[in-house]
Amino acid sequence: MKNYLDGGEAILEAFRKLKIDYIMSSPGSEWSPIWEALARQKLDNKAGPAFVESWHETLAVNMATGYTLMTGRPQAVLLHAGVGVLQGSMGIHGAMQNEVPMVVMSGESQTLGEDPALDIEAQWYGGLTVGGIERLVEPVAKWARAVTSPHTLYESVIRAGEMAQRMPKGPIYLNVALEHMLHDWTPPAAAREVPPAPIVRPRQEDVAKVAELVRNSKNPVIVTETAGRDPKAFSALVELADLLAIAVINGRVNAYANFPTNHPLYLGMGRYKALDDADLVLLVGGRAPWYPPRRRPTSGKIVAVHDNPLKDHMIYQTLHADYYLEGDIAESLTLLIAATKSARIDAATVSARRQRWTREHDNYVAELRAAREKAQNGSAIDPLSLLGALAEAMPADTIYVDETITHSPLIRQHLPQTTPQSFFRGSGGLGQGIGTALGIKLAAPARPVTLLIGDGSFLYNPIIQALGASKRHELPIIIIVLNNKKYEAMRKGHVHHYPDGASASKDLHFGVTIDGPDYERLGSHFGFHGERVEYRAELEVALSSALAATKEGKTAILNVVVSQ
């Protein structure tokens, strides 16, 4: 057996230095050098990244995203040349929108069979090589380039991994020629250990200024959208709010569990009424909190607390910030807490605020409860009755992933989000929910993972491929399809612009009706559990059966027919 030392080994060794846990891949024919290096790694019992194969490129990227959302550690994604990257571009775009670091790679041929010393396969000349796919990836990645030579390959991969973790975090794409990977490689004489990305701190004078604003504020309010991405930021936000009795509101497009929804200072999602008389708003992890963006939500000062407040991938963004506390969110909040504690805090003012916001919280919770109770009328399944049943049936450590459209505001208001990393919502386009949920399950195998997805959203996903990955890699999740048999967002958008038009008057809509399959039966090909749920009385047993199936290692699909 010959032991090759070539570019495949260079890439794998770079992954080891970057402390990458998994290579997520929808395989392509350019990756034989990597497969050879992985085989040697296994035979030599050498530590290194494990291989996770999927049958679809977007799925591979989404699984890497989900894993990194839970762990914070970037992973590697290997896709096929040209068309494979184009298939995966939806996932790469979502990773950029979510600022998820990863290294994405594909390869081409440079010699196309014309090098007499290298017998390259014929398919590269026949059209598989597209000639610089990175130019098509640039709009959806943080950075995209071709590796220049076999001599720069190893350090290019190292650089990509380091760059992916710097602000703004995001996917880095490398186009690697097959010839570079087949070329002999000489490892560095003294390869360095790659240090982790540093935690970026805000300027001390900015911390002092914001601490002064907070202490002098009579009615501060916190609005947060992405703080909960980091469990440390979740905890620091709770500490800051408790210290000064500051009300906390989830922004209108919150994508994470940012603050305990059962905390007495929590006032709900997108409920900006408390900002009317706020003299200070701490916008923690804000992305697009105000809509329309021209509408400033308060006459008070706004402080944006974020490591990357101004998103260069957004075509337009208005935070209305008067001050910035720019740096790692958890670190910024920790420094702000310390600076605030260093001076006298008016206990009477804090106590009065706490009483006020506790009353507001109790009233809000009562409103939610009343809405859920009202939804219990009749035998049909109102979406709120499903959410109420989930809160009752699912374990406290359940992780929820949301890929709905019209039901998303209800989900984010009514589902319990009491612990860090208990809720995630992706961005960048539909069709990525199942893969993200599988990646989260890979990172948190002991916790139940439940995907809530509309029937329209579900059909955008690579369903069969995702279910195949679930079985092959033993990643059981619960998939709940909220089936209203339509693209309700399409209908609402039409009626919004033409409220008295022909379509609304005659209930004649295009692109709305979904005559879908029996969703619950799709997992039967893999021995998975499936159940159609049409009546509210069936929910408790159905959820219990789905949870039991996942404990047995089987993904469960519940086709829940909802009334709206």
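To be clear, the structure that these remarks concern was listed above.
Residues numbered from 1 in each chain as written. Predicted model: local features only at pLDDT ≥ 70, side-chain atom pairs only at ≥ 80, totals over all residues. Heavy atoms only, no water.

A.B. asks: Sorry if this is basic, but what is going on with the sheet that holds strand E12 (residues 323-326) here?
C.D. replies: Pairing between the strands of a sheet comes from backbone hydrogen bonds, and it takes one of two forms, parallel or antiparallel. The strand order E9-E8-E7-E10-E11-E12 describes an open sheet built from six strands, whose pairing is parallel. Each edge of the open sheet is held by one strand with a lone partner, namely strand E9 (266-269) and E12. Going from strand to strand, the sheet's axes swing by 20 degrees on average, the running direction of each strand aside. As paired elements, strand E10 (residues 280-284) and strand E11 (residues 301-306) share five bridges and run parallel to each other. What sits directly across from Leu283, in E11, is Ala304. On top of the sheet, helix H9 (residues 231-244) reaches strand E7 (220-224), strand E8 (247-250) and E10; it is set at about 165 degrees to E7, its chief contact. Sheet strands touched by helix H11 (residues 347-374): E7, E8 and E9. Its angle to E9, the strand with the most contacts, is close to 40 degrees. (Pairing = 2+ DSSP bridges. Helix = DSSP H or I, 4+ residues; strand = E, 2+ residues; numbered from the N terminus. Axes fitted to C-alpha atoms, helices over the stretch in contact; angles between N-to-C directions. Contact = heavy atoms within 4.5 Å.)

A.B. asks: It is not clear to me how the layout of surface pockets should be interpreted in this structure. Could you clarify?
C.D. replies: Over the atoms rolls a probe the size of a water molecule, and its path tells where empty space is left. Approximately 630 Å³ is the volume found for the second largest pocket. Lining the second largest pocket are 32 residues; nearest its centre among them are Arg372, Gly388, Ala391, Glu392 and His414. Those elements that place two or more of their residues in the lining of the second largest pocket are H11, helix H12 (383-393), helix H13 (408-414) and helix H19 (539-551). Among the residues making up the lining of the second largest pocket, the classes are represented as 15 nonpolar, eleven polar and six charged. (1 Å grid on protein atoms, 1.4 Å probe; cavity = no way out; pocket = protein on both sides within 12 Å on 5 of 7 lines; lining within 4 Å. Points joined across faces, edges and corners; volume = space filled by probe spheres on them. Nonpolar A, V, L, I, M, F, W, Y, C, P; charged D, E, K, R; others polar.)

A.B. asks: Just to check I follow, could you spell out the side chain of Glu162 for this structure?
C.D. replies: Residue position: Glu162 is located in helix H6 (residues 153-164). Ignoring anything within four residues of it in the chain, the contact list for Glu162 reads Leu18, Arg192, Val194 and Pro195.

A.B. asks: What should I look at first to understand the pattern of salt bridges in this one?
C.D. replies: As a working rule, side chains carrying opposite charge can pair if their charged atoms are close by. Summed over the entire model, instances satisfying the criterion amount to 21 salt bridges. Between Glu331 and Arg201 there is a salt bridge; the shortest N-O distance is 2.6 Å. Of the two residues, Glu331 sits in helix H10 (residues 329-341) while Arg201 sits in the loop between helix H7 (178-182) and helix H8 (204-216), which places them 130 residues apart along the sequence. Judged by its relative accessible area of 17%, Glu331 falls in the buried class. Of the charged contacts, one joins Arg521 and Asp518 as a salt bridge, the two residues approaching to 3.4 Å between their closest N and O atoms. The partly exposed category is assigned to Asp518, whose relative accessible area is 35%. (Salt bridge = Lys/Arg side-chain N within 4 Å of Asp/Glu carboxyl O. Buried < 20%, exposed > 50% of the residue type's maximum accessible area, 1.4 Å probe, protein only.)

A.B. asks: Whenever I open this one, H9 confuses me. Can you help?
C.D. replies: Side chains of residues three or four places apart in an α-helix project in the same direction, reflecting 3.6 residues per turn. Here H9 contains 14 residues, and its C-alpha end-to-end distance of 21 Å stays within 8% of the 20 Å for a straight helix at 1.5 Å per residue. By the burial criterion, the buried members of H9 are Ala233, Phe234, Ala236, Leu237, Val238, Leu240, Ala241 and Leu244. Contacts made by the buried residues of H9 are with H8, E7, E8, E10, H10 and H11. Among the residues of H9, the N-terminal cap falls to Asp230, whose side-chain oxygen and the backbone nitrogen of Lys232 are separated by 3.0 Å. Residue Ala245 follows H9 closely and has a positive phi angle near 55 degrees. (Expected span 1.5 Å × (residues − 1). Polar contact = N/O pair within 3.5 Å; in protein donor to acceptor, adjacent residues only side chain to side chain.)

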